[in-house]
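# Examination of the molecular architecture
If you want the building blocks of each chain, they are given just below.
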Amino acid sequence: MILKLKNLGPGLLFAGAAIGVSHLVQSTRAGADFGLGLLWALLLVNLFKYPFFQFGPRYATATGESLLEGYNKLGKPVLATYYVLNLATMFTIQTAVTIVTAGLASTLFGDLNSFYIGHKIITSTEIYTVIILTICLFLLILGKYKLLDKLMKIIVFTLTISTVIAVTMALLHNQEPLSFKQILPTNSLEIAFLIAFMGWMPAPLDISVIQSIWTLEKNNETKQYNPKSALFDFNIGYISTIIIGVGFLLLGTLVMFNSGETFSNSASMFSSQLVNMYTKNLGDWAYIIIGIAAFTTMFSTTLLTLDASPRAMAKTTKLLFKKSSKFNYTFWIITLTIGTLFIFIFLASEMGLLIKIATILSFITAPFYAITNYILISSKHTPKAWHPSKILRALSWLGIAFLLGFSVWYLLSL
């Protein structure tokens, strides 16, 4: 058992990357607006995305390669498509998660004094953004994978405990019966929210790529990290994301549903509303618990997404052009940091819009990753012993149909 716990790593990194905007913002909003009416969507999207995430560590430990090498074997156009999709979405995704983190920091640690640069006022949230990105950049460049591995074991444990405490206390304080009536949105705004909700629940499917890279990093660290231990590790992380997702949906339902509160699109205002809403309904004790859970959630996501895209882009660049170049990990992480700051300065007040764009883009591009991962894991490039079982194949086909069906439904509703 101790050996298995020691081998935990990439699965917890997955959980740390996944449990962020999808849980803290989208799940809470789903509970606030629909009660438990979208529980079906949360459970189904976790079920139908499961195989495609799992294929990342499965392929990596079975072949000793990341999914990127696998995409390359399927053909340059496949890898080039990934390259374009990742380049098109990584700045929006990073900005969306960093905005929420900075807003929470401003709420929890207090506003910092604003100042002017030329005619532009630099707000407290923008200052916190620079601080948070600088800390993350420092941790990643100096610590790399080993530091991530150690940090996530602490962060995911802290997050799980604080969320469980908050949900338990909210249930104890609740005096209204819970309704489990499920809802299928009908108007265009509700459908857009549903797609956005499922887009990052539990995470964008492109995380499967970086999951395979983290798996190889772990495999280099310990010789005992084989396919079986990789799948055990992943399942622990995946189950954690589902439990915490349901927890935040419950919290949104218990303390916000039918409250009449309207969330602001401003990062600092949203964060203040979120934490104060819990405090108002649960008592002053909830401030520190919710604060720890919320900030831990978003900081881990900011850290891991800042690591993920640069790793993937550096490796993809090398595979596409078949040589090392200046476009390495350091180049991409600095580029992503600068791009995030640039977008943030001009769109900080539009947190809701940025999150909506990022999550919807993630959902409508999900079929590409689902189909590609399934073809790769079932191909000659994967040892037959690690091809998916009949049950996993059936679940994969259902998952592809689910993702394609809802993507088409959303596009037709526009």
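The structure presented is a predicted model; accordingly, all values stated were derived computationally and were not measured.

### A few points about empty space enclosed by the protein
The gaps of empty space that remain are located by a probe, the size of a water molecule, rolled over the atoms. Tallied over the entire structure, the rule returns two cavities of 30 Å³ or more. Residue lining of the largest cavity: 24 residues in total, with Ile93, Pro204, Asp206, Ile207 and Thr305 positioned closest to the centre. Mapped by element, the contributors of at least two residues to the lining of the largest cavity are helix H2 (10-18), helix H3 (21-34), helix H6 (76-109), helix H9 (207-221) and helix H12 (286-321). Top contributing element to the lining of the largest cavity by residue count: H6, with six residues. Residues belonging to the lining of the largest cavity are distributed by class as follows: 16 nonpolar, seven polar and one charged. There is about 40 Å³ of room inside the second largest cavity. In terms of lining residues, the second largest cavity is bounded by Leu85, Thr89, Ile93, Asp206, Ser362, Thr365 and Tyr369. Within the residue set of the lining of the second largest cavity, elements represented by two or more residues are H6 and helix H14 (351-377).

### Comments concerning the side chain of Ser379
Mapping Ser379 onto the fold places it in the loop between H14 and helix H15 (390-413). For Ser379, a relative accessible area of 14% corresponds to the buried category. A polar contact of 2.7 Å, which involves the side chain of Ser379, links it to the backbone oxygen of Leu376.

### Overview of the packing of aromatic side chains
With the rule as written, the count across this model stands at 21 aromatic pairs. Of the aromatic side chains, those joined through ring pairs into one cluster are Phe14, Tyr50, Phe53, Phe234 and Tyr238. For the cation-ring pair, Arg311 lies above Tyr329, with the distance from its terminal atom to the ring centre recorded as 5.5 Å.

### Points about the nonpolar core
Residues Leu68, Tyr71 and Met198 are the most contacted members of the largest nonpolar core, which totals 120 residues. Per element, the largest residue contribution to this core is 16 residues, and it comes from H12.

### Section: a nonpolar patch on the surface
A cluster of nonpolar side chains, contributed by Leu353, Ile357, Leu361, Ile364 and Leu411, occupies part of the molecular surface with about 380 Å² of accessible area. Sorting elements by how many residues they give to the nonpolar patch places H14 first, with four residues. Judged by its relative accessible area of 43%, Leu353 falls in the partly exposed class.

### Thoughts on helix H4 (residues 39-63)
With 25 residues, H4 extends 37 Å between its outermost C-alpha atoms, agreeing within 8% with the 36 Å of an ideal straight helix rising 1.5 Å per residue. If you look at H4, its biggest bend is around 40°, right at Tyr50, and the proline Pro51 turns up within four residues after that. Gly64 sits one or two residues past H4 and shows a positive phi near 80°.

### Things to note about the packing of H3 against helix H8 (residues 188-199)
Following both chains from N to C, one finds H3 and H8 inclined at 145°, their axes separated by 10 Å at the closest point. Helix-helix and strand crossings are classified by hand; for H3 and H8 the assignment is left-handed. Here Gln26, Ser27, Arg29, Ala30 and Phe34 of H3 lie close against H8, whose contacting residues are Glu190, Phe193, Ala196 and Phe197. A class-by-class count of the residues in the contact of H3 with H8 yields five nonpolar, two polar and two charged.

### Re the confidence of the model for the protein
When pLDDT is averaged along the protein, the result is 82; 86% of the residues meet or exceed 70. At the level of individual helices and strands, the protein shows its lowest average pLDDT in helix H1 (residues 2-7), which scores 49, and its highest in helix H5 (residues 67-74), which scores 95.

### Examining the packing of H5 against H6
Direction vectors running N to C along H5 and H6 enclose 135°, while the axes themselves pass 5 Å from each other. Accordingly, the angle class assigned to the pair H5 and H6 is oblique. Each of Leu68, Tyr71, Asn72 and Leu74 in H5 lies in contact with H6, whose residues at this interface are Lys76, Val78, Leu79 and Tyr82. Taken together, the residues of the contact of H5 with H6 break down into six nonpolar, one polar and one charged.

### So, the pattern of salt bridges
Counted according to the given criterion, the structure contains four salt bridges. The shortest N-O distance in the salt bridge between Glu65 and Lys73 comes to 2.9 Å. Among the residues examined, Lys73 registers a relative accessible area of 43% and is labelled partly exposed. Residue Glu69 pairs with Lys315 through a salt bridge whose shortest N-O separation is 3.1 Å. Taken together, the residues Glu69 in helix H5 and Lys315 in helix H12 connect sequence positions 246 residues apart.

### Considerations on the environment of Ile154
Following the sequence through the fold, Ile154 ends up in helix H7 (residues 124-173). For the pair Ile154 and Thr296, spaced 142 residues apart in sequence, the C-alpha to C-alpha distance is 9.9 Å.

### Overview of helix H10 (residues 227-256)
The end-to-end C-alpha distance of H10 is 43 Å, a good match for the 44 Å that 30 residues give at a rise of 1.5 Å each. Counting buried positions over the 30 residues of H10 gives 22, a clear majority of the element.

### Considerations on the side chain of Thr365
Along the chain, Thr365 turns up in helix H14. Engagement of the side chain of Thr365 in a polar contact is seen with the backbone oxygen of Ser362, the distance being 3.3 Å.

Rules used in this analysis
- Residues numbered from 1 in each chain as written.
- Predicted model: local features only at pLDDT ≥ 70, side-chain atom pairs only at ≥ 80, totals over all residues.
- Heavy atoms only, no water.
- 1 Å grid on protein atoms, 1.4 Å probe; cavity = no way out; pocket = protein on both sides within 12 Å on 5 of 7 lines; lining within 4 Å.
- Points joined across faces, edges and corners; volume = space filled by probe spheres on them.
- Helix = DSSP H or I, 4+ residues; strand = E, 2+ residues; numbered from the N terminus.
- Nonpolar A, V, L, I, M, F, W, Y, C, P; charged D, E, K, R; others polar.
- Buried < 20%, exposed > 50% of the residue type's maximum accessible area, 1.4 Å probe, protein only.
- Polar contact = N/O pair within 3.5 Å; in protein donor to acceptor, adjacent residues only side chain to side chain.
- Phe/Tyr/Trp six-rings, centres within 6.5 Å; stacked < 30°, edge-to-face > 60°.
- Lys NZ or Arg CZ within 6 Å of the ring centre and 35° of its normal.
- Core = buried A, V, L, I, M, F, W, Y, C linked by side-chain atoms within 4.5 Å.
- Patch = residues over 30% accessible without salt bridge, like charges linked within 9 Å, V, L, I, M, F, W, Y side chains within 5 Å.
- Areas by Shrake-Rupley, 256 points an atom, 1.4 Å probe, with all protein chains shown as cover.
- Salt bridge = Lys/Arg side-chain N within 4 Å of Asp/Glu carboxyl O.
- Expected span 1.5 Å × (residues − 1).
- Bend = angle between axes of the 7 residues up to and from the residue.
- Axes fitted to C-alpha atoms, helices over the stretch in contact; angles between N-to-C directions.
- Left-handed = near helix turned anticlockwise from the far one by under 90°.
- Contact = heavy atoms within 4.5 Å.
- pLDDT = per-residue confidence, 0-100.
- Parallel < 35°, antiparallel > 145°, perpendicular 65-115°, else oblique.

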